[in-house]
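Reading the structure
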Amino acid sequence: MTDSNDRDPYNLFAEWMKEAEQSEPNDPNAMALATADASGIPSVRMVLLKGIDPRGFVFYTNTESRKGAQLLANRNAALCFHWKSLRRQVRVEGPVEIVTDAEADAYFESRPRESRIGAWASLQSRPLEGRWELEKRVAQFAAKYAIGTVPRPPHWTGFRVLPSRIEFWRDRPFRLHDRLVFQRAEGTDANAPSWTTEHLYP
Ligand SMILES: Cc1cc2nc3c(=O)[nH]c(=O)nc-3n(C[C@H](O)[C@H](O)[C@H](O)COP(=O)(O)O)c2cc1C
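Residues numbered from 1 in each chain as written. Predicted model: local features only at pLDDT ≥ 70, side-chain atom pairs only at ≥ 80, totals over all residues. Heavy atoms only, no water.

Named according to an unreviewed UniProt entry, the protein is Pyridoxine/pyridoxamine 5'-phosphate oxidase originating from Azospirillum lipoferum. One UniProt comment on the protein, placed under Function (unreviewed entry), says "Catalyzes the oxidation of either pyridoxine 5'-phosphate (PNP) or pyridoxamine 5'-phosphate (PMP) into pyridoxal 5'-phosphate (PLP)." (UniProt positions renumbered as here; feature names shortened; annotations may be inferred.)

As structure tokens, this is what we get:
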């Protein structure tokens, strides 16, 4: 956590992600995503970070899933990365927005054909009577889209978490860990944020 990184959380995040890509056995981009329903009751699950730019952190999912319904009802989320082998954690909090259709289309088109069929076949988070039911839906959509491109389902898109707070945590001996918090400065544009920083007791 050098001085120059103290001023831009995205530089520091990029540096840590690069190290995680080298150290983690798989999915260094995996992050816990916490959402809450309209009454504030939380739930959490893992998703993959699929885009990052100065506006925020993007993941893709089914908007009719449990998390999708919660995010549409309560447009706030928190993310947590934990890179075990580096003994590091990054926490991100903020409101969410839906990515543009162009952005979602571009990512959807980059996915393997089988994953695109899967996005149509899966009624994510809803009850499944048996594996056969899913396999039948996969076969149905594979037949429907046998020729040409597989379009992006209307219920499948990306959400961008626009951080109001990002915290970097690094293990230090005797539990005297380093904690560095970036807060988006009051009134600054989410598209070009400026940040205040502070260190916290472990
Ligand atoms: C490492 C990992 C990565 C995952 N990535 C995603 C993802 O990017 N998008 C997604 O919808 N589900 C992903 N999942 C599955 C979710 O954890 C979850 O089971 C699913 O999205 C349904 O969650 P929900 O019922 O809360 O909506 C991932 C699971 C794991 C373990």
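Once that is clear, we can look at the side chain of T157. Here T157 shows up in strand β7 (residues 156–161). Looking at T157, the relative accessible area reads 6%, which means it is buried. The residues contacting T157, other than those within four sequence positions of it, are F59, Y60, T61, T63, I98, V99, A104 and R152. (Helix = DSSP H or I, 4+ residues; strand = E, 2+ residues; numbered from the N terminus. Buried < 20%, exposed > 50% of the residue type's maximum accessible area, 1.4 Å probe, protein only. Contact = heavy atoms within 4.5 Å.)

We now examine the site of the ligand. In the vicinity of the ligand, the contacting residues are D27, R45, M46, V47, L48, Y60, T61, S65, R66, K67, Q124 and S125. The backbone of Y60 places a nitrogen or oxygen atom 2.9 Å from a nitrogen atom of the ligand. A distance of 3.3 Å separates an oxygen atom of the ligand from a polar atom in the side chain of S65. In isolation the ligand offers 610 Å² of accessible surface; the protein chains occlude 64% of this area. When residues of the shell around the ligand are traced back to their parent elements, those giving at least two are β2 (42–48), β4 (56–62) and α3 (66–73). Among the elements that make up the shell around the ligand, the one with the highest residue count is β2 (four residues). Within the shell around the ligand, the residues separate by chemical class into four nonpolar, four polar and four charged. (Near = heavy atom within 4 Å. Polar contact = N/O pair within 3.5 Å; in protein donor to acceptor, adjacent residues only side chain to side chain. Areas by Shrake-Rupley, 256 points an atom, 1.4 Å probe, with all protein chains shown as cover. Nonpolar A, V, L, I, M, F, W, Y, C, P; charged D, E, K, R; others polar.)

All chains considered together, the criterion is met by 15 salt bridges. E19 is the salt-bridge partner of R88, the closest N and O atoms lying 3.3 Å from each other. Of this pair, R88 sits in strand β6 (residues 88–98) while E19 sits in helix α2 (residues 9–23), and the two are 69 residues apart along the sequence. Linking E167 and R179 is a salt bridge whose minimum nitrogen-to-oxygen distance equals 2.8 Å. Here E167 is found in strand β8 (residues 165–170), whereas its partner R179 is found in strand β9 (residues 178–184), with twelve residues between them in sequence. The burial state of E167 is the same as that of R179; both residues are buried. Beyond isolated ion pairs, a larger network of salt bridges with shared partners links D53, R55, E97, E103 and R160. (Salt bridge = Lys/Arg side-chain N within 4 Å of Asp/Glu carboxyl O.)

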